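# Structural features, examined
Each chain, written out:
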Amino acid sequence: MNTIDIQNITTERLKSLTTLSKQVTVDVLRLDKIHPVISGNKWFKLKYYLQNARLKGCDRIVTFGGAYSNHIAATAYAAKLHGFQSTGLIRGEEPQVWSHTLQAARSSGMLLQFLSRTDYNRYKRNISAYTNPGNVGKAYVVPEGGFGQPGVKGASEILETTDISKYSHIIAAVGTGTTIAGLIHKTTDSQQILGISSMKNNNSLSTEIELLLNRSLPGRFYLVNEYHFGGYARYTDTLIEWMNNFYREHRIPLDFVYTGKMMYGIFDMISKDLFPAGSGILAVHSGGLQGNGSLAPGVLKYFE
Ligand SMILES: *Cc1c(COP(=O)(O)O)cnc(C)c1O
């Protein structure tokens, strides 16, 4: 159990009355099955950063994130697995009660340092301003959220885990845009890519994705801003109830920050006839289930 293996990834067809009546299909690419902590897209995004760190002879990974960041939990675990020390620079004051994510990072041996927003943003721009006597050894810095070319390169390998030629639409949840940029790389002109933003008012996102791709976006990429449910890590009763129903129907757990909103959005768009009959949709389940640990027990009914 719990070995990390991309062979664990499956592609599963959803059987649903909605897809049947609208004559579309939805297949889920289950990156959540890679591993419970480094699940999903984070594993792919970190791959080349860790390789670079090794090539440069570094022995410590330093990265940035908030108290609920899947990236922090995944980096801590991946660093440990690959024999690196790790430091997480956490945005904001130390909370009285540590989130599930921070506890997971600490138990993977990550040194956590809480920074004021001002310092956090300063070090994010210029890490050489950051010195900490606890950080011995040579450090390799992974940007917040794994944003950057090595992240895109790793994420582009996500679509090598299934045969994508039969899909007209490929859909994923969007945070920094690194993952979706990688997916865009691997698709052809006849395929549309939809990114469902988990954040509100993230107006610079399209530009950032263009920068990552080093070209302006082809007309086949769309950023969908309608399903953030109040903003990053926010949720409503409607979303939670929908996720519980989805689990009862399909036995696929979703996380409330990213994939729950993505899947809700996909079904809402299907029911509004936004996909032509005959569409073949591939929904990328990017993992992130560890983040559900910050919800009160019993909110998500995944064990019934
Ligand atoms: C981090 C994360 C995303 C967002 O990925 P980006 O590459 O930052 O856009 C999507 N889904 C899950 C589950 C994540 O943990």
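Quantities reported herein were computed from a predicted structural model and do not represent experimental measurements.

Our focus in this paragraph is the site of the ligand. In the region of the ligand, 15 residues are neighbours, and K42, G175, T176, T179 and S286 sit closest. Contact between the ligand and T176: an oxygen atom at 2.6 Å from a side-chain N or O atom of the residue. In the model, a nitrogen atom of the ligand is placed 2.7 Å from a nitrogen or oxygen of the S286 side chain. Considered on its own, the ligand offers 390 Å² of accessible surface; in the complex 97% of this is hidden by protein. Mapped by element, the contributors of at least two residues to the shell around the ligand are helix 2 (41-55), strand 7 (169-174) and helix 7 (178-186). Per-class residue counts for the shell around the ligand are three nonpolar, 10 polar and two charged. Counting residues domain by domain, the shell around the ligand receives three or more from each of domain 1 (6-37 + 149-294) and domain 2 (41-146).

With that settled, consider the sheet that holds strand 6 (residues 139-142). With parallel pairing, the four strands of this open sheet are ordered in space as 5-4-3-6. The outermost strands of the open sheet, each flanked by one partner alone, are strand 5 (111-115) and strand 6. Taking each pair of neighbouring strands and ignoring which way they run, the sheet shows an average axis angle of 20 degrees. Bridge count for strand 4 (residues 85-91) against strand 5 is five bridges, and the pairing is parallel. Each bridged residue has a counterpart across the sheet, and for G88 the counterpart in strand 5 is L112. This element, helix 3 (residues 70-81), spans strand 3 (60-65), strand 4 and strand 6 of the sheet and lies at about 170 degrees to strand 3.

The subject of this paragraph is the domain arrangement of the protein. The domain boundaries assigned to the protein delineate domain 1 (6-37 + 149-294) and domain 2 (41-146). Here the C-alpha centroids of domain 1 and domain 2 sit 26 Å apart. Facing 25 residues of domain 1, the contacting portion of domain 2 comprises 19 residues. With both chains or domains summed, domain 1 and domain 2 bury close to 1900 Å², and 60% of this area falls on carbon and sulfur atoms. Area buried by domain 1 at its contact with domain 2 is led by V37, P150 and Q290, which between them contribute 28% of it. At the boundary of domain 1 and domain 2, one finds one salt bridge. For K47, the salt bridge is made with E157, and the minimal N-O distance between the two is 2.7 Å. Sorting the residues of the side of domain 1 that touches domain 2 by element identifies helix 6 (149-156) and helix 7 as the ones contributing at least two each. Counting residues per element, the side of domain 1 that touches domain 2 draws most heavily on helix 6, which supplies six residues.

Leave glycine aside and you will find that most residues have negative phi; peptide bonds, for their part, are mostly trans. Of note, Q23 is a non-glycine position whose phi angle comes to about 55 degrees, a positive value. Turning to its location among the elements, Q23 is positioned in the loop between helix 1 (17-22) and strand 2 (25-30). Phi at R251 takes a positive value of approximately 60 degrees, unusual for a residue other than glycine. Inspection of the secondary structure puts R251 in the loop between helix 9 (237-250) and helix 10 (259-271). What makes R251 partly exposed here is its relative accessible area of 43%.

Before going further, it helps to examine the sheet that holds strand 8 (residues 192-197). Strands belonging to one sheet form pairs held by backbone hydrogen bonds; the direction of such a pair is parallel or antiparallel. Reading across from one edge, 1-2-10-7-8-9 is the order of the six strands in this open sheet, with mixed pairing throughout. In the strand order of this sheet, the two ends are held by strand 1 (11-13) and strand 9 (221-224), each with one partner. Here the average twist between neighbouring strands, direction ignored, is 25 degrees. As defined by bridge partners, strand 1 adjoins strand 2 across three bridges and the pair is classed as antiparallel. Note that in strand 2 the partner of T11 across the bridge is L29.

Conventions we followed
- Residues numbered from 1 in each chain as written.
- Predicted model: local features only at pLDDT ≥ 70, side-chain atom pairs only at ≥ 80, totals over all residues.
- Heavy atoms only, no water.
- Near = heavy atom within 4 Å.
- Polar contact = N/O pair within 3.5 Å; in protein donor to acceptor, adjacent residues only side chain to side chain.
- Areas by Shrake-Rupley, 256 points an atom, 1.4 Å probe, with all protein chains shown as cover.
- Helix = DSSP H or I, 4+ residues; strand = E, 2+ residues; numbered from the N terminus.
- Nonpolar A, V, L, I, M, F, W, Y, C, P; charged D, E, K, R; others polar.
- Domains from an automatic or database assignment.
- Pairing = 2+ DSSP bridges.
- Axes fitted to C-alpha atoms, helices over the stretch in contact; angles between N-to-C directions.
- Contact = heavy atoms within 4.5 Å.
- Buried area = accessible area lost by both parts, 1.4 Å probe.
- Salt bridge = Lys/Arg side-chain N within 4 Å of Asp/Glu carboxyl O.
- Buried < 20%, exposed > 50% of the residue type's maximum accessible area, 1.4 Å probe, protein only.

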